[in-house]
Amino acid sequence: MSGSHAPTASDAPVTLEQPPNSSGLRAHDLTLGYKVGRHREFNAAVAGMNLEIQRGEFAVIVGPSGCGKSTFLEAVAGLVPVTGGELTFNGQPILGPDKQRSLVFQQASLFPWRNVRENVAYGLVAQRRRGKQDQERVDHLINLVGLREHATKMPQELSGGMRQRANLARALATDPDLILLDEPFGALDAMTRETLQEELLQIWQSDDGRGEGKTALFITHDVAESVLLADRVFVFSMAPAHVAHEVKIDVPRPRDASWKRSAQFTEYCDELLEALHSGKRAGQGGG
C-alpha cells in the first residue's frame, strides 16, 4: 500500500506523557476483584494495572475471555469498587457512577415500556433536564443515529441494530466526557456491525454529535474492529489482568471500512493477534 508503514510498538507497554493539567483516564497499580466462596476469599480480576488514556482518544481493550476487561470497564463506570491502587478521571478518584461517564452495554437494555424518544431522553429526565435545549438535543441525536422515522416506536418493534442505535443515542444524550462501550456490536450480524462501526466513528468525530474532545473506551473480542476504531489498542493479559501489550494505530482519520482491505490494516491485526496468543500461552504456562 503506497505510503503505508508497519505498526510500531515495543514489547513493554508505553503510555503517552500528559501535561500536568491535562484530563483523561488513569489507572495506577490498580487492583480490582471480588470476594468469593464460603470463606469470602479475594479473587483478583485486575492486578498491577497501569494505563493512561488522554482526553479525546478512542481507546480499545482486547483480551482473552474472562480476563477482566468488563470488570475494568465497570470500575471506570463506578459500578465496581477499587480495592487497591488508583483509578482517576479528570484528576478525580472514581468513587461511583457519575454523569461525566456513560456506559453502553452489549445488550441494548432499553426500557420496554418507553418508546425510542423516551428512552433516549431518560438520562436527561433523571437529571431533571427538561428544557427546550435538552429536548432539541434528544431530537438531534435521534436524527444523528438514523431513527427519526422510528422515534415513537417501542423497543420490541425495532431490529437489533436499531435498538443499539437508540442505546448509543441515550448514552450521548447527557453529553458525557467519557463514553464506555462494552462489546456494543457483539450480538449483531456482520453487515449491521460494520455499518454501526462506521456510524460510531462518524458520531464520535462529529462536531454536531459533540464527539470532538470526548474520550471513548471500547471493549471487543474482534481484533479487526479494534484496529478500525482505535487510536490505541490495549491488550490485556489473562486474569488477573494487566496491560500486556499496547499498539498505537498511527493512521489519520476519518477512516472507513475500505481501509480494512489494506496491507497496513493486516499488519496491525497480525501484531495484535500475536500479542493475544502470546498472552494466552504465558497464562497457560504459568497456570
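Structure: see above.
Keep in mind the model is a prediction, meaning the values are calculated, not measured. (Residues numbered from 1 in each chain as written. Predicted model: local features only at pLDDT ≥ 70, side-chain atom pairs only at ≥ 80, totals over all residues. Heavy atoms only, no water.)

### Focus: the pattern of salt bridges
Going through the model one piece at a time under the given rule, you end up with 13 salt bridges. As a salt-bridge pair, arginine 26 and glutamate 52 come within 3.3 Å of each other at their nearest N and O atoms. You can see arginine 26 sitting in strand β1 (residues 24-36) and its partner glutamate 52 sitting in strand β2 (residues 41-54), a full 26 residues away along the chain. When its relative accessible area of 31% is taken as the criterion, arginine 26 is described as partly exposed. The partner of aspartate 139 in a salt bridge is arginine 117, with the nearest N and O atoms 2.9 Å apart. In this pair, aspartate 139 sits in helix α4 (residues 132-144) while arginine 117 sits in helix α2 (residues 116-120), placing the two residues 22 residues apart along the sequence. Residue classification places arginine 117 among the partly exposed positions, given a relative accessible area of 25%. Several salt bridges converge on common partners, so that one network encompasses Arg26, Glu52 and Glu86. (Salt bridge = Lys/Arg side-chain N within 4 Å of Asp/Glu carboxyl O. Helix = DSSP H or I, 4+ residues; strand = E, 2+ residues; numbered from the N terminus. Buried < 20%, exposed > 50% of the residue type's maximum accessible area, 1.4 Å probe, protein only.)

### Let's talk about the packing of aromatic side chains
Two descriptors summarise a pair of aromatic rings, namely the distance from one centre to the other and the angle between the planes of the rings. All told, the structure shown has 8 aromatic pairs when counted by the stated rule. Taking 5.8 Å as the distance between ring centres and 70° as the angle between the ring planes, the aromatic pair formed by phenylalanine 72 and phenylalanine 236 counts as edge-to-face. Linking phenylalanine 72 in helix α1 (residues 69-77) with phenylalanine 236 in strand β9 (residues 232-236), this pair joins segments that are 164 residues apart in sequence. Ring plane angle 85° and centroid distance 5.0 Å describe the contact between tryptophan 259 and phenylalanine 265, whose orientation is recorded as edge-to-face. (Phe/Tyr/Trp six-rings, centres within 6.5 Å; stacked < 30°, edge-to-face > 60°.)

### Observations regarding the layout of surface pockets
Approximately 540 Å³ is the volume attributed to the largest pocket. In this structure, the largest pocket is lined by 21 residues; those nearest its centre are Arg101, Ser102, Leu103, Arg170 and Ala171. Taken together, the residues that form the lining of the largest pocket break down as 11 nonpolar, 6 polar and 4 charged. (1 Å grid on protein atoms, 1.4 Å probe; cavity = no way out; pocket = protein on both sides within 12 Å on 5 of 7 lines; lining within 4 Å. Points joined across faces, edges and corners; volume = space filled by probe spheres on them. Nonpolar A, V, L, I, M, F, W, Y, C, P; charged D, E, K, R; others polar.)

### Remarks on the pairing of β9
Across the 5 residues that make up β9, a large majority, 5, are buried. Alternating positions in β9 separate into two faces, Arg232, Phe234 and Phe236 on one and Val233 and Val235 on the other, with burial throughout. When strand β3 (residues 58-62) meets β9, the two strands line up parallel, connected through 4 bridges. When the sheet's bridge partners are listed, alanine 59 is paired in β9 with arginine 232. Judged from the 5 bridges that link them, β9 and strand β10 (residues 243-248) form a sheet pairing that is antiparallel. Looking at the pairing, valine 235 lines up with histidine 245 of β10. (Pairing = 2+ DSSP bridges.)

### Remarks on the pairing of strand β8 (residues 215-219)
Across the 5 residues of β8, 5 count as buried, placing the element largely inside the fold. Residues Thr215, Leu217 and Ile219 point to one face of β8 and Ala216 and Phe218 to the other, with burial holding for every one of them. With 4 bridges joining them, β3 and β8 adopt parallel strand pairing. From the neighbouring strand, phenylalanine 58 faces β8, where its bridge partner is alanine 216.

Keep in mind these values describe shape, not function.
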